[in-house]
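Coordinate analysis (summary)
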Amino acid sequence: MFLLLIAAGVVYFLIGDRFEAMVLTGFVLVIMAITIFQQRRTDNALTALREMSSPRALVLRDGQLQRVAGREIVRGDLLILEEGDRVPADGELLSAHDLAIDESMLTGESIALPKSVADTVYAGTLVTQGQGTLRVHAIGHHTEMGRIGKSLEQIVLPSSPLRDEMTRLTQKIAAVGGSLALILVLAYWLARDNLPEAILAGIALAMSLLPQEFPVIMIIFFAFAARRLGKLDVLTRRLDAIETLGETSVLCVDKTGTLTQNQMQVIALHPAHGIELAQSMVGSRLTPAQQTLLHHALLASEIAPHDAMEKAIHRLAGEVEQPLRIDPAWQLTHEYELSPQLPAMTHAWHNGESHVVAIKGAPESVSALCKLNAEQQALINQHAMQLAERGLRVLGVARADHGNGDAWPASPHGFSFAWLGLIALADPLRAEVPAAIAQCRQAGIRIVMITGDHPRTALAIAREAGISSAGVLTGSDLEQLPPPELANAVRDVNVFARVKPQQKLALVEALKQQGDVVAMTGDGVNDAPALKAAHIGVAMGQRGTDVAREAAALVLLRDDFNSIVQAIRLGRRTFANMRQAMIYTLAVHIPVVGLSLLPVIFGLPLLLTPLHIAFLELVIDPACSIVFEAEHHDSALMQQAPRRPDEPLLALRDAMQAISYGVLTTGVTFLAYAVLLDLGRPGHSAAALAFVLMVVANTVLILPSRTRERQWRALWQGIPSVSLVIMLATLAGLWIVTQFAPVAAAFRFIPLDYAEWLLAVAGGLAMLLLFQMAKLPPKNSTLR
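Here goes a summary of the coordinates provided. Please read all numbers here as calculations on a predicted model, not as lab measurements.

Quick notes on the rules
Residues numbered from 1 in each chain as written. Predicted model: local features only at pLDDT ≥ 70, side-chain atom pairs only at ≥ 80, totals over all residues. Heavy atoms only, no water. Core = buried A, V, L, I, M, F, W, Y, C linked by side-chain atoms within 4.5 Å. Buried < 20%, exposed > 50% of the residue type's maximum accessible area, 1.4 Å probe, protein only. Helix = DSSP H or I, 4+ residues; strand = E, 2+ residues; numbered from the N terminus. Contact = heavy atoms within 4.5 Å. Phe/Tyr/Trp six-rings, centres within 6.5 Å; stacked < 30°, edge-to-face > 60°. Lys NZ or Arg CZ within 6 Å of the ring centre and 35° of its normal. Pairing = 2+ DSSP bridges. Polar contact = N/O pair within 3.5 Å; in protein donor to acceptor, adjacent residues only side chain to side chain. Patch = residues over 30% accessible without salt bridge, like charges linked within 9 Å, V, L, I, M, F, W, Y side chains within 5 Å. Areas by Shrake-Rupley, 256 points an atom, 1.4 Å probe, with all protein chains shown as cover. Salt bridge = Lys/Arg side-chain N within 4 Å of Asp/Glu carboxyl O.

1. Comments concerning the nonpolar core
The biggest cluster of nonpolar side chains holds 110 residues, and the ones touching the most others in it are L251, L259, I447, F561 and F691. The element best represented in this core is helix α21 (residues 561-601), accounting for 17 residues. Apart from residues no more than four positions distant in its own chain, L259 is found in contact with V253, D254, L429, R430, V433, I437, M449, I467 and F561. Within the second largest apolar cluster, 29 residues are counted, among which are F496, A510, A530 and V555.

Okay, structure coming up:
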């Protein structure tokens, strides 16, 4: 279209019509400026996201501590690791004090692991507790994170079916249009011996046939959809993903932070003498036994915690009716670190007279230190199991006294602990998740939960969220299943626990083999291959890594499951609106083609020139890119089955509907033009009347093209205000080009009487009745 506009401008310039040449050139410049502006906005958004995710590091150089960007770290640097730091490189620990690292982005294990001297720490992991010194031995692509990033290059992204379909359709129509345009130029030149007008007639026919709106509609619809997704805090990195959203049949989601709030909360305080767990739920008023239990859990926690469970204990201690706090006069005098041999944290506090020792950790480990009898131990284990089966994290708490002058034992085993009770914590389900999952189920979308947590926790959350499953498969189960059996297993199982991030890729491939269109969420480095292999990779923006974001098609700036569901709804809406826009586009192109050819065939004066068609493009493009894009179609979209991947954008039924609309407009307009000429009307005046009739008819065609319903009230029901604005703007522009003498002359029109102009407008409006009569009945859509 750019080339045709420029060619028409050159011809107008050569024949001395510089005004039309400048107008056509202006169209090209405006469209180019809009394209460049949109591209720069997208690039700026992605750059800002990358800067947001870049870690910084505290490095010791030349005896001085410096805070530098992670990309400036080199091999041999000494890094100081503190709570809350993101590790910027792989290295070996030279020192470690109470150090724990969250490696969930690499391993999928949600519990932080204790680290000691000589252990390896990996880039991208998070320091959740303690301090340490690290000597860097690998950076960039040589780190474990970098190795996974390089592996992404081996995964080839599939091409967009819609883009391929649009390309084929555009190429076919363009080839036909080019051939017909050459034939028309030769026929016109031989018949009328006027080469410039023959060229202009050929360009006009080529412009009318060239479906330049088709790719424009796709790009603009996707760009507007990306903008709407941005308002939902969803960043679109690949526009093709918007097309695939409407096809999604399986949605694989992580539990933590997506289905849950990613914020641990204390759910139950179960003191040592409690019998029924139902009596131990947390309320605003605590019993004395619960206060003692919570107070000692607070004593066994860090003063300024980074661990999620310790944060929850601190938060509850400050929120109860009688807030608990550590006496400022008390001093932390000794502590025993968490270790693989004893998964518990022990703190000793001096209260001015003696030492109070508090310990919290794995219930079986803490209770073993209390020297309980078999019956008491069995009861504690039973209560801990009951809480765990509800998907709760369980901690045991105990206390001991230690004299001022007594030596500190080598380990907590040297204290005489008294059992205080159990604390149950959970990452609560987001309030909106059950309703969103029910909506997905109604829309024919299967939800699959993949987590690194314990199977009991996974099943409990799945039941609460409304995810049905034939059972649960663990990561070890997946390792033992050959690919054919894995493909059968994933057909019925919707809950996968203790799954390592690298196993997500196998799950994605197994689901794809079933013919499903898979959307996958992830945040870790090892999630990146699965994100890229899925039809739609969705990265978590708040807690995700840069590698995961780069591999994903969508990035959730707010880790919220409902955002994914709304994105799927928007994807379906975009495709539905695009289909209606294509019907309209094809329908309005038919009269343009017909009115470019018919006058030549019947020996009548030309009705349309390139300038007329450029004006029509100004009518068609906003109607397609703004009016139809703004349609909602929300009522039934999420009650339909996912669209099949092989379903064409423009089916035969849709094409027949568009052709019927276009033939009606062509026939009525050409008949009016021929009759006016036959009645002795001057050619420029007859052309103006016919042009008004055609433009108004194309404008009101927006109304029946909005919906497939045949009721008249459906034409106006829920119509976006922008549609009315576009229609009124079109009428205003039409009045200018036909009634404003200087502009009308450029269009080769003679200004009409007001009565004649209104009569032509009325004729165009009356076409609405014919359009409604030609509308095919709607086709029912049911779930597959």
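2. Let's talk about the packing of aromatic side chains
Applying the stated criterion across every chain yields a total of 8 aromatic pairs. A centroid spacing of 5.7 Å and a plane angle of 65° characterise the contact between F415 and F417, whose relative ring orientation is edge-to-face. Comparing F415 with F417 shows no difference in burial state: the two are buried. Three or more aromatic residues joined by ring pairs make a cluster, and in this case those are Y336, W408, F415 and F417. In this structure, R643 is placed above the aromatic ring of F575, and the distance from its NZ or CZ to the ring centre is 3.5 Å.

3. What about the pairing of strand β16 (residues 446-450)?
With respect to burial, β16 is a largely interior element, 5 of its 5 residues being buried. Summarising the sheet, β16 and strand β18 (residues 495-497) pair through 2 bridges and their orientation is parallel. Note on β18: the bridge partner recorded for M449 is V495.

4. What about the side chain of H347?
Tracing the chain through its elements places H347 in strand β12 (residues 344-350). Classification of H347 as buried rests on a relative accessible area of 1%. For H347, the side chain forms a polar contact with the main-chain oxygen of S301, separated by 3.3 Å. Among residues more than four places away in sequence, those in contact with H347 are L299, A300, S301, E302, L332, H334, E335, V356, V357 and A358.

5. Looking at unusual backbone geometry
For D62, which is not a glycine, the phi torsion comes out positive at approximately 55°. Take D62: it is sitting in the loop between β1 (56-61) and β2 (64-69). Using a relative accessible area of 81% as the deciding quantity, one classes D62 as exposed.

6. Regarding a nonpolar patch on the surface
A surface patch of nonpolar side chains, amounting to about 460 Å² of accessible area, comprises L652, M656, I659, V663 and L776. Here M656 lies in helix α24 (residues 652-678). Under the relative-accessibility criterion, M656 is labelled partly exposed at 45%.

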